Amino acid sequence: PTVYPIGLDFEATIFQPEFVDQKIGDFVENLGQAIGIVLLVMVLTLGLRTGLVVASLIPTTMLVTLLLMNVFGVGLDQISIAALIIALGMLVDNAIVMSESILVRLQQGMERRAAAIESARELTIPLLTSSLTTSAAFMPMYFSPSDMGEYTGSLWQVITLSLLTSWALSLVMMPLLCMLFLKVKQRPTGGATDATGNGAAAVEGAVERTYRGLLVAFLRSRAVSLVGVIGVFMLAIWGLGFVPKEYMPESDSGRLLAAFDLPLGTSIETTEAALASIEGFLSARLAADADDGEGVLDWTAYVGSSGGPRYRLAYSPANEGSEHISLILDATGPKVLQGIMRELDAFCTREFPDMTVNMEMEAMGPGGGDPVEFRLYGRDPVALFERVGALERHLEGMPGTFNVTNDWGPWTKKLVVDIDQARARRAGVTSQDVAVSLQAGMSGIEVTEYREGDKVIPVTLRSSAADRQDVGKLESLNVYAQATGRSVPLKQIADVDLAWEPSKILRRGGLKMVTVSSNLDRGVNAFATTNAAMVWLDEQQASWPTGAYYEVGGELESSNEANEALFSLVPVVLAVMVILLVMQFNSMRRMAIIMLTIPLGIIGTTIGLLVSGYPFSFFAILGVYSLAGIIINNAIVLIDRIRIEIEDNGLDPDRAVIAAAQARLRPILLTTTTTVGGLLPLWAFGGPLWAPMAVAIIFGLLFATLLTLGVVPLLYSLFFRVSFRGFRW
């Protein structure tokens, strides 16, 4: 392995340009795969001519979006490229709905120019509303007052830019291309006709007829249907409790961040010698030239410094100090890191018993730190450390935990000089005299400065090294009394003793605070381990004195903070959606119908996470947020079509509901298919960070679409009192 000298060639270990190029390359490849899938879906479902017309919106929208990203200062990174992948399936929704509307009008015999203009006029506001509501669903990711908001903010920016670009191009480019290139044969329409003889419903096929029969049966038994939907939703909420929870997934990189701390005050020479021993162990025992080719590749070490520049958001360098070592280590992959961490921890425990070791895998997102952390508070440090020791022993006994440490570090020996004030006053010695004499005798006191050219050299007065190293000679140290000019032996006015005390004392909120942390084996859930330890701590806390308590840190705290920041914006998002929907429909009932479809996405999300085995991570929660905007799109176009069938085509409400559902069936299924298809590469190749989000959206959208096609007509019939008893098409 390549061992880099102390403090040199930091970039050699974590060469960011190469890392960024690799990440961008992977995501661009995923974007290309997603575009290919969406194009294939368009051609297979709409036919070659129509599919190519609709698919032409994809490269045009992408190019305009990239231009706008540059204008608004949005960089090209894994978040923004993932946002393009997520938006890919949604941005063709506008084109699909527009082309479908024009196609139906052409099949009904309308003139080309009139069909294009009428479709654009009819869909301008509904498509704008659906684009804005989808954008609003992603808004918390940008405005979230947390590190996660900084990390994921470009999701909202990129998706908003792409959707609004798609909306504008769908109104301008799609009608033109459809008018020029679409060729259809006029066919008789199924269902009712309006006063002019034009069909009120879309051209029928086997799928439409099957769907109509199921929908009519669903609406005839509204009470049973509603209870069934509610039951399925409650079952999904219950099933979500069986999905493992986590904040951020385990890293897919082979990078380890380690901090080694010797007792406070250790000389830099001793620390460098310890580092040499650690590096020797890495080279001899953990190098990648073993039989299986797995192990350590290279590392960069820092002695006494904070650990180098903050090369990424999640990296927080440790404090400086002569006793501190920072190590950034690259291995052949994430699977070998757990073994490296355990062996390195065991080596340091054996060779340096007074060394505190903290190791963590490089974080996937913001945050970092150990996955399990507890903060213990108290006033008496002795009693506090009794509780700390008990917690450390309990964590060490739990399955999957290792490298249990606390942030106060090992206790150190301290010389305690207890001045007898009565004897000191009789001798004419003050506490300041004792302090100055001890400083002069032990560490030295600056008495003057020597100038040589442009340099100023301090002159320090202190005793010989032999006397400073001999604690027994401390009692014979003469204390100079400035008031009298006489010297008094220290033993005459003070008692000198050795005591074990914390090397440092940390406080928070005015109380002494110790953070106990633990690493976990690969695959061990941090939330489950933390919750299990909390049960034990709650039992122990009953016997703690007043003022002693604990707080939870680690992944659980980071997750709660990020979720709270995200959920704090939910009322704002809902208010924006309500305003947009009320402006669109000028109806509280229609708005309520659309908003009630949002929770349906959780049904598919639960099923998807249980089937795939992915945890309910923070990015999966973002996927649920994203579903809200996508689901609303389907409901908006369906509700708007019902209004058109009643107000423009003069159908009775019951027939209008069925006709509108049939008319919007194919566009809704196509937009769902393209969105799902676009997200498949993110599921397959997005890694542990993006796969849970893709799964949440894919399964949530699939099940929500099927339910929306029945639930929206059901809610409409309930809110507007449309009866389907005895209804026949």
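Cut-offs and rules
Residues numbered from 1 in each chain as written. Predicted model: local features only at pLDDT ≥ 70, side-chain atom pairs only at ≥ 80, totals over all residues. Heavy atoms only, no water. Salt bridge = Lys/Arg side-chain N within 4 Å of Asp/Glu carboxyl O. Helix = DSSP H or I, 4+ residues; strand = E, 2+ residues; numbered from the N terminus. Buried < 20%, exposed > 50% of the residue type's maximum accessible area, 1.4 Å probe, protein only. Pairing = 2+ DSSP bridges. Phe/Tyr/Trp six-rings, centres within 6.5 Å; stacked < 30°, edge-to-face > 60°. Lys NZ or Arg CZ within 6 Å of the ring centre and 35° of its normal. Contact = heavy atoms within 4.5 Å. Polar contact = N/O pair within 3.5 Å; in protein donor to acceptor, adjacent residues only side chain to side chain. Expected span 1.5 Å × (residues − 1). Bend = angle between axes of the 7 residues up to and from the residue. Patch = residues over 30% accessible without salt bridge, like charges linked within 9 Å, V, L, I, M, F, W, Y side chains within 5 Å. Areas by Shrake-Rupley, 256 points an atom, 1.4 Å probe, with all protein chains shown as cover. Lys, Arg positive; Asp, Glu negative; His and termini not counted. Charge placed at Lys NZ, Arg CZ, Asp CG, Glu CD. Core = buried A, V, L, I, M, F, W, Y, C linked by side-chain atoms within 4.5 Å. Axes fitted to C-alpha atoms, helices over the stretch in contact; angles between N-to-C directions. Parallel < 35°, antiparallel > 145°, perpendicular 65-115°, else oblique. Left-handed = near helix turned anticlockwise from the far one by under 90°. Nonpolar A, V, L, I, M, F, W, Y, C, P; charged D, E, K, R; others polar.

## Remarks on the pattern of salt bridges
Here is step 1: Evaluation of the coordinates by the stated rule reveals 13 salt bridges.
Here is step 2: For the salt bridge of Arg-375 with Glu-557, the shortest nitrogen-to-oxygen distance reads 2.7 Å. Taken together, the positions of Arg-375 in strand 6 (residues 372-378) and Glu-557 in helix 18 (residues 554-567) put the pair 182 residues apart, joining distant regions of the chain.

## Section: the pairing of strand 7 (residues 401-406)
Here is step 1: Of all the six residues making up strand 7, six are buried; the element is thus mostly covered by neighbouring parts of the structure.
Here is step 2: Here strand 7 runs beside strand 15 (residues 511-520); their pairing, made up of four bridges, is antiparallel. Residue pairing across strands places Thr-401 opposite Leu-520, the latter belonging to strand 15.

## Focus on the packing of aromatic side chains
Here is step 1: Scanning the entire structure with this criterion turns up 15 aromatic pairs.
Here is step 2: On the numbers, 4.8 Å between centres and 75 degrees between planes, the contact of Trp-238 with Phe-242 is edge-to-face.
Here is step 3: The rings of Tyr-247, Phe-618, Phe-619 and Trp-690 are connected pair by pair, giving a single aromatic cluster.
Here is step 4: Over the face of the ring belonging to Trp-544 we find Arg-387, whose NZ or CZ atom lies 5.4 Å from the ring centre.

## Let's talk about helix 20 (residues 588-596)
Here is step 1: Turning to helix 20, its buried residues number three or more, namely Arg-590, Met-591, Ile-593, Ile-594 and Met-595.
Here is step 2: As for helix 20, its buried residues are in contact with helix 19 (570-585), helix 22 (618-647) and helix 24 (687-719).
Here is step 3: Where helix 20 begins, the side chain of Ser-587 points an oxygen toward the backbone nitrogen of Arg-589, at a separation of 3.4 Å.

## Notes on helix 6 (residues 112-143)
Here is step 1: With 32 residues, helix 6 should cover 46 Å at 1.5 Å per step; its first-to-last C-alpha distance of 45 Å lies within 8% of that length.
Here is step 2: Taken as a whole, helix 6 carries its principal kink of about 45 degrees at Leu-123; the proline Pro-126 stands between one and four residues after it.
Here is step 3: Where helix 6 begins, one side-chain oxygen reaches toward the backbone nitrogen of Arg-113, 3.0 Å away; that side chain belongs to Glu-111.

## Digging into a negative patch on the surface
Here is step 1: Taken together, Asp-147, Glu-150, Glu-561 and Glu-564 make up a surface patch of like negative charges.
Here is step 2: When residues of the negative patch are traced back to their parent elements, those giving at least two are helix 7 (147-181) and helix 18.
Here is step 3: In this fold, Glu-150 is placed in helix 7.

## Observations concerning unusual backbone geometry
Here is step 1: The backbone phi angle of Asn-586 is positive, close to 55 degrees, even though this residue is not glycine.
Here is step 2: For Asn-586, the position within the fold is in the loop between helix 19 and helix 20.
Here is step 3: Asn-586 sits in the exposed class, given a relative accessible area of 69%.
Here is step 4: One non-glycine residue, Arg-721, adopts positive backbone phi at about 55 degrees.
Here is step 5: Relative to the assigned elements, Arg-721 resides in the segment after helix 24.

## Observations regarding the nonpolar core
Here is step 1: Counting residues in hydrophobic clusters, the biggest one holds 157 residues, and the most contacted among them are Ile-86, Leu-155, Phe-374, Leu-395, Met-577, Phe-619 and Trp-690.
Here is step 2: The dominant element in this core, judged by the number of residues it contributes, is helix 5 (residues 78-107), at 18 residues.
Here is step 3: Contact partners of Leu-395, with chain neighbours within four places excluded, come to Val-372, Phe-374, Thr-401, Val-404, Val-516, Ser-518 and Ala-533.

## Here we look at the packing of helix 8 (residues 206-220) against helix 23 (residues 653-685)
Here is step 1: Running from amino to carboxyl end, helix 8 crosses helix 23 at an angle of 140 degrees, the nearest separation of the two axes being 10 Å. What the angle tells us is that helix 8 and helix 23 run oblique. Where helix 8 crosses over helix 23, the handedness of that crossing is right-handed. Touching Val-207, Glu-208, Tyr-211, Arg-212, Leu-215, Val-216 and Leu-219 of helix 8 are Val-657, Ile-658, Ala-661, Gln-662 and Leu-665, all from helix 23.

## Considering a nonpolar patch on the surface
Here is step 1: On the surface, Val-447, Tyr-450, Ile-457, Val-459 and Leu-461 cluster together to form a nonpolar patch covering roughly 430 Å² of accessible area.
Here is step 2: For the nonpolar patch, the element with the most residues is strand 10 (residues 455-461), which contributes three residues.
Here is step 3: Within the secondary structure layout, Val-459 lies in strand 10.
Here is step 4: A relative accessible area of 32% means that Val-459 is categorised as partly exposed.

## Quick look at the environment of Leu-665
Here is step 1: Position of Leu-665 among the secondary structure elements: in helix 23.
Here is step 2: Spatially, the C-alpha atom of Leu-665 lies 64 Å from that of Gly-378, the residues being 287 residues apart in sequence.
Here is step 3: Setting aside anything within four residues of it in sequence, one finds Leu-665 in contact with Val-207, Glu-208, Tyr-211 and Leu-709.

## Notes on the side chain of Ser-559
Here is step 1: Its location among the elements puts Ser-559 in helix 18.
Here is step 2: Ser-559 sits in the buried class, given a relative accessible area of 6%.
Here is step 3: Contacts of Ser-559, omitting those with residues within four sequence positions, involve Tyr-247 and Phe-527.

## Observations concerning the environment of Pro-692
Here is step 1: Topologically, Pro-692 is positioned in helix 24.
Here is step 2: In the structure, Pro-692 is positioned 346 residues away from Ala-346 in sequence and 35 Å away in space, judged by C-alpha atoms.
Here is step 3: Ignoring any residue separated from it by four or fewer positions in sequence, one finds Pro-692 in contact with Leu-609, Tyr-614, Pro-615, Ser-617, Ala-620 and Gly-687.

## Notes on the pairing of strand 6
Here is step 1: Here strand 6 lies mainly inside the structure; seven of its seven residues are buried.
Here is step 2: Neither face of strand 6 is left uncovered, since the one carrying Val-372, Phe-374, Leu-376 and Gly-378 and the one carrying Glu-373, Arg-375 and Tyr-377 both have all their residues buried.
Here is step 3: Bridge analysis of strand 6 against strand 15 gives seven bridges, and the strand direction is antiparallel. Paired with Gly-378 across the bridge in strand 15 is Lys-512.
Here is step 4: The sheet contact formed by strand 6 and strand 16 (residues 549-552) spans four bridges and is antiparallel. Counterpart to Arg-375 in the pairing with strand 16 is Glu-551.

## Re the packing of helix 4 (residues 57-71) against helix 7
Here is step 1: Running from N to C, helix 4 and helix 7 point in directions that differ by 130 degrees, and their axes come no closer than 9 Å. Of the possible angle classes, the one that applies to helix 4 and helix 7 is oblique. In this structure, the crossing between helix 4 and helix 7 has a hand that is right-handed. Contact residues: helix 4 offers Leu-57, Thr-60, Thr-61, Val-64, Thr-65, Leu-68 and Met-69, while helix 7 offers Val-158, Leu-161, Ser-162, Thr-165, Ser-166, Leu-169, Ser-170, Met-173 and Met-174.
Here is step 2: Each residue belonging to the contact of helix 4 with helix 7 can be placed in one class, and the counts come to nine nonpolar, seven polar and no charged.

Function cannot be read off these values alone, since they describe shape.
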